[in-house]
Amino acid sequence: MSVADPGPELIQLLTPEGERVDHPDYSLELTDGEYRDLYRDLVLVRRIDLEATALQRQGELGIWASLLGQEAAQIGSGRAMAPQDMAFPTYREHAVGYCKGVDPLKMLGLFRGVDQGSWDPRESNFHLYTIVIGAQCLHATGYAMGIQKDGKVGGDDGEAVIAYFGDGATSQGDVNEAFIWASVFEAPVVFFCQNNQYAISEPLERQTRVPLYRRAAGFGFPGVRVDGNDVLATLAVTRAALDRARQGEGPTLVEAYTYRMGAHTTSDDPTRYRIASEVEAWKLKDPIERVRSFLHKQQLVDEAFLAEVEAEADALAARLRAGCLAMPDPAPSAIFDHVYADGSPELDAQRESFARYLSRFEEAGTDAR
Amino acid sequence: MSVADPGPELIQLLTPEGERVDHPDYSLELTDGEYRDLYRDLVLVRRIDLEATALQRQGELGIWASLLGQEAAQIGSGRAMAPQDMAFPTYREHAVGYCKGVDPLKMLGLFRGVDQGSWDPRESNFHLYTIVIGAQCLHATGYAMGIQKDGKVGGDDGEAVIAYFGDGATSQGDVNEAFIWASVFEAPVVFFCQNNQYAISEPLERQTRVPLYRRAAGFGFPGVRVDGNDVLATLAVTRAALDRARQGEGPTLVEAYTYRMGAHTTSDDPTRYRIASEVEAWKLKDPIERVRSFLHKQQLVDEAFLAEVEAEADALAARLRAGCLAMPDPAPSAIFDHVYADGSPELDAQRESFARYLSRFEEAGTDAR
Amino acid sequence: MPAETLTLAKALNTGLRTALERDPKVLVMGEDVGKLGGVFRVTDGLQKDFGEDRVIDTPLGESAIIGTAIGLALRGYRPVCEIQFDGFVYPAYDQIVSQLAKMHYRSQGRLRMPIVVRIPFGGGIGAVEHHSESPEAYFAHTAGLKVVACSNPADAHWMIRQAIASDDPIVFLEPKRRYWEKAPVDPDAEPYPLFASRVLREGTDCTVVAYGPMVRTALDAATASANEGGRSLEVVDLRSLSPLDLGPVFASVRKTGRLVVVHEAPGNLGLGSEVAARVQEECFYSLESPVLRVGGFDTPYPPARLEEEYLPDLDRLLDAVDRTYAY
Amino acid sequence: MPAETLTLAKALNTGLRTALERDPKVLVMGEDVGKLGGVFRVTDGLQKDFGEDRVIDTPLGESAIIGTAIGLALRGYRPVCEIQFDGFVYPAYDQIVSQLAKMHYRSQGRLRMPIVVRIPFGGGIGAVEHHSESPEAYFAHTAGLKVVACSNPADAHWMIRQAIASDDPIVFLEPKRRYWEKAPVDPDAEPYPLFASRVLREGTDCTVVAYGPMVRTALDAATASANEGGRSLEVVDLRSLSPLDLGPVFASVRKTGRLVVVHEAPGNLGLGSEVAARVQEECFYSLESPVLRVGGFDTPYPPARLEEEYLPDLDRLLDAVDRTYAY
Ligand SMILES: Cc1ncc(C[n+]2csc(CCOP(=O)(O)OP(=O)(O)O)c2C)c(N)n1
Ligand SMILES: Cc1ncc(C[n+]2csc(CCOP(=O)(O)OP(=O)(O)O)c2C)c(N)n1
Ligand SMILES: [Mg+2]
Ligand SMILES: [Mg+2]
């Protein structure tokens, strides 16, 4: 069996054809409205992503890391979280940020190059993006240890943490160390691996010979593989894992089996390393299409609803675009802001001397050469 | 079950009482002479260790990392190697070095502070000691990849590698990365973990909640737990793993379940963190005693043989002691030797100016103040 | 509490204890810091009194020690991480320079990192490889970190308390070969500021700048020189390696006209280079001779039997002072 | 082969190709170096021509890239490791400073480490965090490593070949924002020595020392200054950051009496500090003004929209030259 074959252990509640199926360990009862909300979420985050990609093409963003194809993995896990749960993303979890109430516009800032994360993680419980592969898994584990110390596990006010990372990230020492610490301290953290089959150009086979979810057992906690293109299964599996964590039963590894439909980032050219037919095959498993056909079959939606969602997406995209274009560049002096909480006299001196230097150009009425 | 309980999966061929037992997967046929040789090995390396400890107490060594209690794990695995097999030790594998033909005297140099390893790893196939926990596991994996590139797997001239490390080391990112690489590249390497129950003061529970050998499965290769105080089982299990590797079937994790009878190093005070009764319990599992009683029961040895081994040990100890005392301090200029293979003009200048500086004291007939 | 005569190690211990007592958010974590009390016993007794929840024996992984400390800080804790020896901090280097140092900046000041990374540093204890390193320049070159080094028991006690109280990430360097030196520590005294250098001995002929273990050496050199009727040395203890507080050094050099900087770390790109670069810039017309640097040689730390030769000592320091007079 | 006009990236590519062709022990390894040819295409086409056994797409782990390269070197191979971006070298820091740098010393010269660690470094490409770092001082301070930086296509081609041929571990820094600059490369020319600095432009009023991406800036500044009838700048490309080859710099400073050192890395403990420290020591009586340093500020690398302000440019360089005349 190739590691890229999901295998029978794949947990699914909604087939690519939009059929609702049962799973012995995971059930999910949703109201009609909740089904529709999930659909809306999926459509909106895809639109955010497409708009951001377009903005990048037009030079308004320096780069963009697309989530195309991974909407269900992100919305399913994002919606599984309670408000008090904390998420530690990579650089691709725009849909999770959206679930946590972060204005998507703020998520553009980093890619536009005006900041390195401008939302407040303490308000949204959505940590800043972490670009160095794997590092955030340790932060998540430490944060979860803090939850324990605060006595927020095992009771009604239980809190949990999700650490997001990719298939490639599983090869980093930090991720494996996070597994160890989480296990040893029984920390309330869910390790949520979006296996999108690639680490830039490298296929899964470069990282492992066995399915990734199996990694967990050797560290002493459960691992499960869920269909990451199935928003219902992802929701159910992640919710169960978070509940386990918040009840004090320790970590779980969730491998969300999915596919990166686009390039790694807008700087990447995937035609160099993968064939079109593979992408075509995954198109048939589209995370949004299956929800749409389910909703249709169940007659949960009508054309008006779909149009309303489209309109909402249009409005969101327009707001994003306008907001992005209007984003001011930071002032040069911002270079010196927030290096230290308590400041540094040396840096103050550099700030002042740079200001003096710049003001000389202003006085002379010239720009830098 | 506590992680410190070896459990039924423990592979044993010789009980603590000296009974030969069978194991469905591992058999070992030795000649009488081979049994006696193993006994001699065990006695000699224990003597080396005791003498080194004594030398440290007398100020002749700066520090010593004792292998007391781990003789069987090291002799069993060391004797499992073919001459062409390469070993990557930590700082405690004196008995493995002995098996690979390194003069034990040379192994004292590092602890005396006169060098950082003075044997030639290319001659002995015993790499230098690595003090930074876990780092050598990657070196071993890379070396094993080189064996593959040289075409030395799968044929009659197959070569393999052993990476030694401790239970504590399993928590280091490097060790886990080594597992991944070895698995992905099917490198001919055996990961030999001496689980001596402690990382300095920290018991196994600080590193894992499940038996360590199980870590391997999640990385896609087999793991086994062997009685590390049973030289026969260790020999059989390690030999099988090495043969697997050299035949191109990839890595194995061998967990040698054992106990560090002494302090972590001569600088350590284990009474601060473990109770005497635990040590007493392990004394009953002594790796040498069980071989001795087996040999006795089988009438493979007589008093003359035992006396001969004792005499050999005495002679070895005396040679070690004399050699250690005679070990000269390196010349000050050695500070500058071998920083670079191709040299560096800057360093040459420093060497010269330091020599000039020192010669001023000599001329003045004074020592440094 | 009255002033007590304590070893440097014990002064750190009492400083940690005070911090743990006064702020329930303070945690101590690292390898062997609990039951064993650390290989140098700096955390001796703390786990017994504050529990395993606050004084944590961690798995063996430096990257995870710092990485989880970052997570704990995000949750409102103030972790004090022990790295067992200088040479074992490098597995955590990524977490320190890419995460710990940058989090406050990245978050536009929203996320604070009140984390102290304690590192016993330097040589002179006859140890094996990786146990005698002086990695301070690696951290001082990293914007977002602060780096301090204590040199005596009173400073050790106060500086660790101040470092724990600071909201910035601080690499806290402890001169391991001075752990056993004793001096009175008054835990009620008015503390000297953490990020300030300090003139420890006044002199007129040449300024000597040192920090950590070399402060003792510099003071001894000054005494020896004075006793032998030689030159009068002014000794400055840098204390804070980043940010540097060079005002007192400039003032001293303007007076003496000569400067020698001494540290154990290799000279190339060591702190001495930075001090020299700044002093020649600030005191160009006051210098009677170039700033000279005395450091470890640009080699790996040698085997223990060579460390006396490798490490700067009183003689090499005074030799450099002499050389400033040869210009 | 006649001289061809190549981009710096392509010049590296042809250098790597030549090395792979001439020595079967040479390997290329790293993330995405194979099928993709690296994110900057420096290894483009190499896997296709030399096979997966010699041009290796590795798992995603920098520590393992260096750690296994060390093992491969012990087995007789000559690995060329690519670190995808400067900011991602730190997970490998331990393997680099504690193992790679020390193996030859530790083994008393028995074990050689002919390993090249290629790192695209520096800013100016509008990237997100961790993609614009200048970590050279972290390596140059490490005894046992050699560190070089190329600044133009011809050097890139030759220096990578020379680095691969060297038996010492070399951190090879590539100025990523200059990857697309073109110049003629003659693969048959007599190469300039690897560990030597080079005067690229003669001048009489002030010496400017640069390396990597700042060499272009320094040359442009010299041209601008000359065109505007300003001062005549002598430009030295350091090329080797460790060991430093400062002979030509000393000679130049003895002529001009003034020196400005420029680099992108933060100034504090940057290469500029080392050069300043040595020059004030060697050329004390020749200097008409202090050595000035122009570097990145002592802050983390800022968001891309601020990098033009952050990075030293022609104006800041010429401003510093002016300031050397204010003493
Ligand atoms: C430590 C580190 N090394 C290299 C990189 C460059 N890099 C960015 S994304 C990436 C691949 C990540 O793959 P994966 O973990 O599968 O996540 P995905 O991008 O597929 O979501 C690499 C190598 C990095 N960001 N950090
Ligand atoms: C990276 C690193 N961190 C810390 C240390 C200090 N140290 C030396 S031995 C040791 C414990 C190792 O335990 P284990 O791996 O079980 O091996 P053992 O000593 O028991 O044989 C520690 C923490 C080190 N050498 N390297
Ligand atoms: Mg991926
Ligand atoms: Mg152990």
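Small disclaimer: the values here were computed from a predicted structure and weren't measured.

Asker: A description of the relation of the copies chain C and chain D should follow, citing residues and the corresponding values.
Answerer: The transformation that overlays chain C on chain D combines an axial shift of 0.0 Å with a rotation of 180°, and the residual RMSD is 0.0 Å. With respect to symmetry, the two chain copies, as superposed, fit the operation of a two-fold axis. Both copies present the same face, since 100% of the interface residues in chain C are matched by interface residues at the equivalent positions in chain D.

Asker: Outline the coordination of the magnesium ion (ligand 3), supporting the account with residue identities and numerical values.
Answerer: All names here are of chain A. In this structure, Asp167 (OD), Asn196 (OD1) and Tyr198 (O) serve as the protein donors to the magnesium ion (ligand 3), at separations of 2.0 to 2.1 Å. Site description for the magnesium ion (ligand 3): donor spacing in sequence, D-x28-N-x1-Y. On the accessibility criterion, Tyr198 (8% relative accessible area) is buried.

Asker: Got a sec to walk through the site of ligand 2? Specific residues and values, please.
Answerer: With respect to spatial proximity, 20 residues lie near ligand 2, and among them Tyr91(B), Arg92(B), Asp167(B), Tyr198(B) and Glu62(C) are the closest. Per-site note: the chains with residues close to ligand 2 are chains B and C. At 2.8 Å, a backbone N or O of Ile131(B) approaches a nitrogen atom of ligand 2. With respect to ligand 2, the backbone of Ile133(B) contributes an N or O atom lying 3.1 Å from a nitrogen atom. Relative to its free-state accessible area of 580 Å², ligand 2 is covered by the protein chains to the extent of 96%. In the shell around ligand 2, the residues fall into 10 nonpolar, six polar and four charged.

Asker: Go over the domain arrangement of chain C, please, and point to the residues and values.
Answerer: Residue and element names in this part refer to chain C. The domains assigned to chain C are domain 1 (4-185) and domain 2 (198-324). One C-alpha centre belongs to domain 1, the other to domain 2; they are set 26 Å apart. Contacts between the two partners involve 27 residues from domain 1, matched on the other side by 24 residues from domain 2. Here domain 1 and domain 2 share an interface that buries about 1900 Å² over both sides, 52% of which is from carbon and sulfur atoms. The tally of links from domain 1 across to domain 2 stands at three salt bridges. Note that Glu264 is salt-bridged to Arg177, the shortest N-O span being 2.5 Å. Across the domain 1-domain 2 interface, the total number found is 14 residue pairs in polar contact (both at pLDDT 80 or more). Of all the secondary structure elements, the ones that give two or more residues to the side of domain 1 that touches domain 2 are helix H6 (136-140), strand E6 (146-149), helix H7 (153-165) and strand E7 (170-175). Its residues placed into classes, the side of domain 1 that touches domain 2 shows 13 nonpolar, seven polar and seven charged.

Asker: Tell me about the coordination of the magnesium ion (ligand 4), residues and numbers included.
Answerer: The reference angle at a metal is 109.5 degrees if four donors form a tetrahedron and 90 or 180 degrees if six donors form an octahedron. The magnesium ion (ligand 4) binds to the protein through Asp167(B) (OD), Asn196(B) (OD1) and Tyr198(B) (O), with metal-donor distances spanning 2.0 to 2.1 Å. Exposure remark for Asn196(B): the relative accessible area of 4% places this residue in the buried category.

Asker: Any chance you could break down the site of ligand 1 for me, citing the residues and the numbers?
Answerer: Within the structure, ligand 1 sits among 20 residues, and Tyr91(A), Arg92(A), Asp167(A), Tyr198(A) and Glu62(D) are positioned closest to it. With respect to ligand 1, its neighbouring residues span chains A and D. Within the backbone of Gly168(A), a nitrogen or oxygen atom sits 2.8 Å from an oxygen atom of ligand 1. One of the side-chain N or O atoms of Glu62(D) is found 2.5 Å from a nitrogen atom in ligand 1. Taking 580 Å² as the accessible area of ligand 1 by itself, protein coverage stands at 96%.

Asker: Can you break down the domain arrangement of chain A residue by residue, with the values?
Answerer: Domain assignment breaks chain A into domain 1 (32-325) and domain 2 (332-364). For domain 1 of chain A and domain 2 of chain A, the distance between their C-alpha centroids amounts to 38 Å.

Asker: Describe the sheet that holds E7(C), listing the residues and the values that go with them.
Answerer: Residue and element names in this part refer to chain C. Spatial ordering of the open sheet is given by E3-E2-E4-E5-E7-E6-E12, a layout of seven strands whose pairing is mixed. The strands lining the two open edges of the sheet, one partner per strand, are strand E3 (55-57) and strand E12 (240-242). Averaged over all pairs of adjacent strands, the angle between their axes in this sheet comes to 20°, without regard to strand direction. Alignment of strand E2 (residues 26-30) against strand E4 (residues 78-82), held across five bridges, turns out to be parallel.

Asker: Can you explain the interface of chain C and chain D? Please cite residues and give values.
Answerer: Contacts between the two partners involve 51 residues from chain C and, on the opposite side, 51 residues from chain D. Summed over the three residues of chain C that lose the most area to chain D, namely Tyr138(C), His141(C) and Leu269(C), the buried surface amounts to 18% of that side. The tally of links from chain C across to chain D stands at eight salt bridges. As a salt-bridge pair, Lys102(D) and Glu133(C) come within 2.7 Å of each other at their nearest N and O atoms. Linking chain C to chain D there are 23 residue pairs in polar contact (both at pLDDT 80 or more). Among the elements of the structure, helix H4 (93-100), helix H5 (103-106), H6, strand E13 (259-266), helix H10 (271-282) and strand E14 (292-296) of chain C are those that each provide at least two residues to the side of chain C that touches chain D. In terms of residue class, the side of chain C that touches chain D is built from 26 nonpolar, 14 polar and 11 charged.

Asker: Break down the environment of Arg40(B) for me, citing the residues and quoting the values.
Answerer: Residue and element names in this part refer to chain B. By the secondary structure assignment, Arg40 is in helix H1 (residues 32-57). Sequence separation of Arg40 and Glu51 is 11 residues, and the distance between their C-alpha atoms is 16 Å. For Arg40, the residues in contact, after removing those within four places along its chain, are Phe305, Glu308, Val309 and Glu312. Side-chain polar atoms of Arg40 contact the side chain of Glu312, separated by 2.9 Å.

Asker: So what's going on with the pairing of strand E4 (residues 78-82) of chain D? Which residues, and what values?
Answerer: All names here are of chain D. With respect to burial, E4 is a largely interior element, five of its five residues being buried. Of the pairings in the sheet, the one linking E4 to strand E5 (residues 116-121) comprises three bridges and is parallel in character. Its bridge partner being in E5, Cys81 is matched across the sheet by Val117.

Asker: Give me the confidence of the model for chain A: which residues, what numbers.
Answerer: Averaged over all residues, the pLDDT of chain A equals 96, while 98% of them reach at least 70. Taken element by element, the predicted model of chain A shows its lowest mean pLDDT in helix H13 (residues 345-363) of chain A (93) and its highest in strand E3 (residues 189-195) of chain A (99).

Asker: Explain the side chain of Gln84(C) to me, using residue names and the numbers behind them.
Answerer: On the secondary structure map, Gln84(C) appears in the loop between E4 and H4. Only 3.4 Å separates the side chain of Gln84(C) from the backbone oxygen of Glu31(C), close enough to count as a polar contact. At 2.8 Å, the side chain of Gln84(C) forms a polar contact with the side chain of Asp32(C). With near-sequence residues (within four places) excluded, Gln84(C) lies in contact with Ile200(B), Glu31(C), Asp32(C), Val39(C), Phe40(C) and Pro120(C).

Asker: Pulling in residues and values, what's your account of the nonpolar core?
Answerer: Among the nonpolar cores identified, the biggest contains 403 residues, and Phe191(A) and Phe191(B) are the most heavily contacted of them. Setting aside anything within four residues of it in sequence, one finds Phe191(A) in contact with Cys137(A), Thr141(A), Ala163(A), Phe165(A), Ala178(A), Phe179(A), Ala182(A), Phe221(A), Pro251(A), Thr252(A), Leu253(A) and Val254(A).

Asker: Any chance you could break down the interface of chain B and chain C for me, citing the residues and the numbers?
Answerer: By a widespread convention, an interface's size corresponds to the accessible area lost as its parts come together. The partner chain C presents 42 residues to the 42 residues of chain B that form the contact. In total, about 3500 Å² of surface goes out of reach between chain B and chain C, with carbon and sulfur atoms giving 56% of it. Where chain B packs against chain C, one counts three salt bridges. Notably, a salt bridge pairs Asp329(B) with Arg305(C), separated by 3.2 Å at the nearest N-O pair. Those elements that provide at least two residues to the side of chain B that touches chain C are helix H4 (104-112) and helix H13 (345-363) of chain B.

Asker: Tell me about the environment of Tyr39(A), and please be specific about residues and values.
Answerer: Tracing the backbone through its elements, the reader meets Tyr39(A) in helix H1 (residues 32-57). Along the primary structure Tyr39(A) and Val291(A) are separated by 252 residues, whereas in three dimensions their C-alpha atoms are 6.5 Å apart.

Parameters and conventions
- Residues numbered from 1 in each chain as written.
- Chains lettered and ligands numbered in written order.
- Predicted model: local features only at pLDDT ≥ 70, side-chain atom pairs only at ≥ 80, totals over all residues.
- Heavy atoms only, no water.
- Least-squares fit on C-alpha atoms with pLDDT ≥ 70 in both.
- Contact = heavy atoms within 4.5 Å.
- Donors = N, O, S within 2.8 Å, 3.2 Å for Na, K, Ca; no water.
- Buried < 20%, exposed > 50% of the residue type's maximum accessible area, 1.4 Å probe, protein only.
- Near = heavy atom within 4 Å.
- Polar contact = N/O pair within 3.5 Å; in protein donor to acceptor, adjacent residues only side chain to side chain.
- Areas by Shrake-Rupley, 256 points an atom, 1.4 Å probe, with all protein chains shown as cover.
- Nonpolar A, V, L, I, M, F, W, Y, C, P; charged D, E, K, R; others polar.
- Domains from an automatic or database assignment.
- Buried area = accessible area lost by both parts, 1.4 Å probe.
- Salt bridge = Lys/Arg side-chain N within 4 Å of Asp/Glu carboxyl O.
- Helix = DSSP H or I, 4+ residues; strand = E, 2+ residues; numbered from the N terminus.
- Pairing = 2+ DSSP bridges.
- Axes fitted to C-alpha atoms, helices over the stretch in contact; angles between N-to-C directions.
- pLDDT = per-residue confidence, 0-100.
- Core = buried A, V, L, I, M, F, W, Y, C linked by side-chain atoms within 4.5 Å.

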